[in-house]
Number of protein chains: 2
Amino acid sequence: MAVYTDISDDELDDLLDQYDLGQALSCKGVAEGVENSNFLLHTEAGYYFLTLYEKRVNAEDLPFFLGLMEHLAAGGFMSPRPIEAKDGNNLKEVAGRPAAIIEFLDGRSVRRITPQHCTLLGQALAQLHTIGSDFKMTRVNTLSLSSWRPLYEACLKSDAGQSDARIFPEVEKEIAFLENHWPTDLPSGIIHADLFPDNIFFLKDKVSGVIDYYFACTDFFAYDLAICVNAWCFENDGSFNITKARKLLNGYRDVRAFSQQELEFLPLLCRGAAVRFLLTRHYDWLNQIEGALVKPKDPMEYLKKLQFHQAVKNVAAYGLD
Amino acid sequence: MAVYTDISDDELDDLLDQYDLGQALSCKGVAEGVENSNFLLHTEAGYYFLTLYEKRVNAEDLPFFLGLMEHLAAGGFMSPRPIEAKDGNNLKEVAGRPAAIIEFLDGRSVRRITPQHCTLLGQALAQLHTIGSDFKMTRVNTLSLSSWRPLYEACLKSDAGQSDARIFPEVEKEIAFLENHWPTDLPSGIIHADLFPDNIFFLKDKVSGVIDYYFACTDFFAYDLAICVNAWCFENDGSFNITKARKLLNGYRDVRAFSQQELEFLPLLCRGAAVRFLLTRHYDWLNQIEGALVKPKDPMEYLKKLQFHQAVKNVAAYGLD
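What am I meant to see in the overall build of chain A here?
Scanning chain A from N- to C-terminus turns up nine helices and nine strands. For 321 residues, the compact-globule estimate of 2.2 N^0.38 gives 20 Å, and the C-alpha radius of gyration of chain A, at 20 Å, lies within 12% of that figure. In terms of overall dimensions, chain A has C-alpha extents of about 60 × 50 × 35 Å along its principal axes. Within chain A, contacts between residues at least 6 apart in sequence are counted, and of these 73% link residues at least 24 apart.

Before we go on, may I ask you to explain the environment of T51 of chain B in this structure?
Residues and elements named next belong to chain B. Position of T51 among the secondary structure elements: in strand β3 (residues 46–53). We classify T51 as buried; it has 28 C-beta atoms within 10 Å. When the C-alpha positions of T51 and A99 are compared, they lie 5.5 Å apart, and in sequence the two are 48 residues distant. When near neighbours in sequence (up to four residues on either side) are disregarded, T51 contacts N36, N38, A99, A100 and I102.

What should I look at first to understand unusual backbone geometry in this one?
Generally, phi is negative for residues other than glycine and the peptide bonds are trans, each holding for most cases. Notably, D212 of chain A is not glycine yet its phi reads approximately 65 degrees, a positive angle. Relative to the assigned elements, D212 of chain A resides in the loop between β8 (206–210) and β9 (217–220).

Quick question: what am I supposed to make of the interface of chain A and chain B here?
A common way to express how large an interface is: the accessible area buried when the components associate. The interface is formed by 24 residues belonging to chain A together with 23 residues belonging to chain B. For the side of chain A that touches chain B, the elements supplying multiple residues, two or more each, are α1 (9–17), β1 (24–29) and β2 (36–43) of chain A. Take the side of chain A that touches chain B: its biggest share by element is six residues, from β1 of chain A. Residues of the side of chain A that touches chain B, tallied by class, amount to eleven nonpolar, five polar and eight charged.

Can you help me understand the pairing of strand β3 (residues 46–53) of chain A in this one?
Looking down a regular strand, the side chains alternate between one sheet face and the other. Residue and element names in this part refer to chain A. The element β3 is extensively covered by neighbouring structure, given that six of its eight residues are classed as buried. Of the strand pairs in this sheet, β2 and β3 are connected by eight bridges, and their pairing is antiparallel. Along β3, the bridge assignment pairs L41 with Y48. Linking β2 back to β3 in an antiparallel pair, the connection comprises two residues.

How should the relation of the copies chain A and chain B be read in this particular structure?
Relating one copy of the chain to the other takes a rotation about an axis and a shift parallel to that axis. Note on the copies: chain A fits chain B at an RMSD of 0.0 Å, the axial shift is 0.0 Å, and the rotation between them is 180 degrees. What we have between these two chains is a two-fold relation. Every residue of chain A has its C-alpha some distance from the rotation axis, and the shortest such distance is that of V30 of chain A, at 2.1 Å. Here 96% of the contact residues of chain A are again contact residues in chain B; the copies associate through an equivalent surface.

I tried to follow the packing of helix α5 (residues 167–181) of chain A against helix α8 (residues 260–286) of chain A on my own but got confused; where do I start?
The relative placement of two packed helices comes down to the angle between their axes together with the axis-to-axis distance. Residues and elements named next belong to chain A. Two elements in contact, α5 and α8, have axes whose closest approach is 11 Å; the angle formed by their N-to-C orientations is 135 degrees. Classified by the angle between their axes, α5 and α8 sit oblique to one another. Where α5 crosses over α8, the two elements pack in a sense that is left-handed. Two secondary-structure elements touch here, α5 through V171, E174, I175, L178 and H181 and α8 through L268, R271, G272, V275 and L278. Taken together, the residues of the contact of α5 with α8 sort by class into six nonpolar, two polar and two charged.

Just checking my understanding: could you explain the domain arrangement of chain A for this structure?
Residue and element names in this part refer to chain A. Considered domain by domain, chain A is made up of domain 1 (9–103) and domain 2 (115–318). At the interface, 19 residues of domain 1 touch 19 residues of domain 2. Residue classes in the side of domain 1 that touches domain 2 are distributed as eleven nonpolar, six polar and two charged.

How should I be thinking about the sheet that holds strand β2 (residues 36–43) of chain B in this particular structure?
To summarise the sheet geometry, strands pair through backbone hydrogen bonds and adopt either a parallel or an antiparallel arrangement. Residues and elements named next belong to chain B. What the five strands build is an open sheet, ordered β1-β2-β3-β5-β4; its pairing is antiparallel. Every other strand in the sheet has two partners, leaving β1 (24–29) and β4 (92–94) as the edge strands with one partner each. The mean inter-strand angle of the sheet, taken between neighbouring strand axes irrespective of direction, is 35 degrees. As defined by bridge partners, β1 adjoins β2 across five bridges and the pair is classed as antiparallel. Within the sheet, the bridge partner assigned to K28 lies in β2 and is L40. Helix α1 (residues 9–16) rests against β1, β2, β4 and β5 (97–103) of the sheet, and its axis sits at about 120 degrees to β1.

How should the sheet that holds strand β5 (residues 97–103) of chain A be read in this particular structure?
Residues and elements named next belong to chain A. What the five strands build is an open sheet, ordered β1-β2-β3-β5-β4; its pairing is antiparallel. The open sheet has two free edges, formed respectively by β1 and β4 (92–94), since each of these has just one partner strand. When the angles between neighbouring strand axes are averaged without regard to direction, this sheet yields 35 degrees. Two strands pair when backbone bridges link them, and β4 and β5 are joined in this way by three bridges, in the antiparallel orientation. Among the inter-strand pairings, E93 is bridged to a residue of β5, identified as P98. Here α1 sits on the sheet and contacts β1, β2, β4 and β5; the angle it forms with β1, its principal contact strand, is near 120 degrees.

Would you explain the packing of helix α4 (residues 145–159) of chain B against helix α8 (residues 260–286) of chain B in this entry?
All names here are of chain B. Running from N to C, α4 and α8 cross one another at 30 degrees; their axes reach a closest spacing of 9 Å. Relative to α8, α4 is oriented so that their crossing is left-handed. Across from L145, W148, L151, Y152, A154, C155, S158 and D159 in α4, the residues of α8 making contact are G272, V275, R276, L279, T280, H282, Y283 and L286. Its residues assigned to classes, the contact of α4 with α8 comprises ten nonpolar, four polar and two charged.

Definitions and limits used
Residues numbered from 1 in each chain as written. Chains lettered and ligands numbered in written order. Predicted model: local features only at pLDDT ≥ 70, side-chain atom pairs only at ≥ 80, totals over all residues. Helix = DSSP H or I, 4+ residues; strand = E, 2+ residues; numbered from the N terminus. Rg over C-alpha atoms; globule rule 2.2 N^0.38 Å. Contact = placed C-beta atoms within 7 Å. Buried ≥ 20, exposed ≤ 12 C-beta atoms within 10 Å, placed from the backbone. Nonpolar A, V, L, I, M, F, W, Y, C, P; charged D, E, K, R; others polar. Pairing = 2+ DSSP bridges. Least-squares fit on C-alpha atoms with pLDDT ≥ 70 in both. Axes fitted to C-alpha atoms, helices over the stretch in contact; angles between N-to-C directions. Parallel < 35°, antiparallel > 145°, perpendicular 65-115°, else oblique. Left-handed = near helix turned anticlockwise from the far one by under 90°. Domains from an automatic or database assignment.

This is the structure:
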């Protein structure tokens, strides 16, 4: 949740002059989104999100992210649609930042996750993979395997004794293991790569929105599932909920079949996903952004998740036969 | 701007069960309001604000604040209207906090204030005073004269050498002066007491909303004007804009006539208003709230404003004859 950049009246008027959305009736900063400044914008044409992209998003990636949202929405997926300006572009500039006006989707993210939410999540994820498969652009996953060692080293450097020193040898050993065993050839395509509960809206027992494509990239489909296993299938006390994992995986399978290889690699991919969030959270924890309205999340949660996956022998531990 | 308290799905559903507003379609924390947690709530009936009152608002005052908003809106003033629940109450509880659902008003607060905005402000302020005059409840201004010495002493105590020590003797001398010269009998009634640019929305060259009544109280009407002179009539470089003050006062006079006494006391009331904001900002600066998503405002701005008013001989300095 964050508003980093304020927008003046004049800047907003200038922006809306470039669209067919009428005048701005109100514009309120919302406490949502970590990487960007988000505003709920009411114009004469309706309600929208106005997003200003802050430094952490690479501006060169924006055509990919916005193009993907457009592609997914056009394919019937519940992604918010970026609004085209009069000149056909969906990317503009406000207050010196790249900016986009995006469809406002109703729905609410859930705090108390039920197994039924996991079924719906699995189905939505498989739909995203399926509908995304004919999107023409690609983007390297800059937070996958090859980034982990440099991130680890950056954490080590920033740490200066702040955190529990025991984690470092354990994480380094894990990275070395993953470097030696990471798959090279699994079914791949567009993945969301950050499908946490905050990023899915539910409404009347259906998924009404999947948002925040700013980590989307081209990678193994099953790695996206592994991220969701980590993000959705552990309880607050750290225990693994096998029922939720079974629902997630079966929900996914309702829409897209797994290959045998994907199933075999799932425990390893779950370890990788745990390392990815452990490292980025740890890095953010050690390098808190001045003025950010967001508290960094506890990285240690992911060390416990990693340890769970390390003990997993095969996909049966996730509820699949 | 702040979201201090999060609301779970279940808490929101339980709240809406008590209203005739249908189900919640979305609910987003907004970066608005310093004292409260605010959410933009979309229900099947429309768009609303959901406000959770945090510790800094005295719960016993809430019937006054909400009653006043209701009274003003019923009188045709552009105050947002608190929504009554099925049981007729406009005050409920969510997540352990007192909470109200309030009409959503369109409009945008202005950053770049023009003299024309000051005319509209003056008219709106006089309307508020006029329409508020038959509101039956009263509330003592807990941030007026008698609070300044204790606040000053609390600042002195919290300071521990953090701020420019020269301000303390100067402020103490001013408080003593105000204690000796503060009027006791000027036209009084409901005042807003915090009508800063953030708290007025404009739309298509009209005032579309006056919000944030959580400092409203019973006090001199002209003191409310003095607060507005401080809040609206200085430029960013600290210089006083006499044109804006003239427009403000003349706008006010379009709707409600001043007494001769009110005019004579205006420079003194402006000094008092400057002291009030100097002290509360200084106190907030020294006592930053852990976890608050708001940066305290610079108190020294008000020292300079105070010095301007100290040099004022009569109301001609504010552009009135």
